[in-house]
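Breakdown of the fold
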Amino acid sequence: MGSESKKNSDGNRGTRNPFGVMDVPTPNDEEVSAFAAGVKLEGTASDENAAAWGTESDSDRNDTIEGSWSSRWNGGADPTIPGDSKDKWKSGRGEVKAAGERVYLLFDWHGGVRKGLIDARREGAKGLVGKYINLTDPRITRPWVGLIVSNRRIDGKWPGGRLDFRR
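Rules used in this analysis
- Residues numbered from 1 in each chain as written.
- Predicted model: local features only at pLDDT ≥ 70, side-chain atom pairs only at ≥ 80, totals over all residues.
- Heavy atoms only, no water.
- Helix = DSSP H or I, 4+ residues; strand = E, 2+ residues; numbered from the N terminus.
- Buried < 20%, exposed > 50% of the residue type's maximum accessible area, 1.4 Å probe, protein only.
- Contact = heavy atoms within 4.5 Å.
- 1 Å grid on protein atoms, 1.4 Å probe; cavity = no way out; pocket = protein on both sides within 12 Å on 5 of 7 lines; lining within 4 Å.
- Points joined across faces, edges and corners; volume = space filled by probe spheres on them.
- Nonpolar A, V, L, I, M, F, W, Y, C, P; charged D, E, K, R; others polar.

So, about the overall build of the chain. When its secondary structure is counted, the chain shows one helix and eight strands. Helices (α) and strands (β) of the chain occur, in sequence order from the N terminus, as α-β-β-β-β-β-β-β-β. Counting over 167 residues, the chain shows a buried share of 45%. Excluding contacts between residues fewer than 6 apart, the proportion of contacts in the chain whose partners are at least 24 apart in sequence is 48%.

Note on placement: Asp155 falls in strand S7 (residues 153-158). In this structure Asp155 touches Leu41, Gly43, Asp47, Asn49, Trp144, Val145, Gly146, Leu147, Val149, Arg162 and Asp164, once residues within four positions along its chain are discounted.

So, on to the layout of surface pockets. When its volume is computed, the largest pocket comes out at roughly 280 Å³. If you trace the largest pocket, you find 15 residues lining it, with Trp73, Tyr132, Asn134, Ile140 and Trp158 closest to the centre. Of all the secondary structure elements, the ones that give two or more residues to the lining of the largest pocket are strand S3 (102-109) and strand S5 (127-134). For the lining of the largest pocket, a count of residues per class yields nine nonpolar, two polar and four charged. In this model, the second largest pocket occupies a volume close to 190 Å³. Of all the elements in the fold, those that place two or more residues in the lining of the second largest pocket are strand S1 (67-73), strand S2 (90-99) and S3.

Given below as structure tokens:
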């Protein structure tokens, strides 16, 4: 692909994602497809992401999913956070950008020390299917499935638990 050799505005090697960070490797692989086949997100009022919890506001962009979000995930323990466990939520900020059929979700946690990127393809009007990479430890990649419930709520699952976004 020709765009891979381009440099972005920071002088870094070009990337597929609009954030200019490391790309998610093989975001459409068999592991992603197998995981997505078994996930059902319904966006109901009883979902654990239904209650408002986010602190980020992007009131100028409520007509689209693009913009600033709050993020949180659970289901795994981050060894860099003292006393962390699988059941505890790791929360932070997020940003969403769309590029054609792809949606990119950049997020952080642990006070911005840790960062991740999701590269997902659209599945219909509301579905997202892709993969996550831990940008702080790129050896960690996991499938992820999301449901755009509204421009203020994206429900998400990874094999260990949840990875959600709210405004």
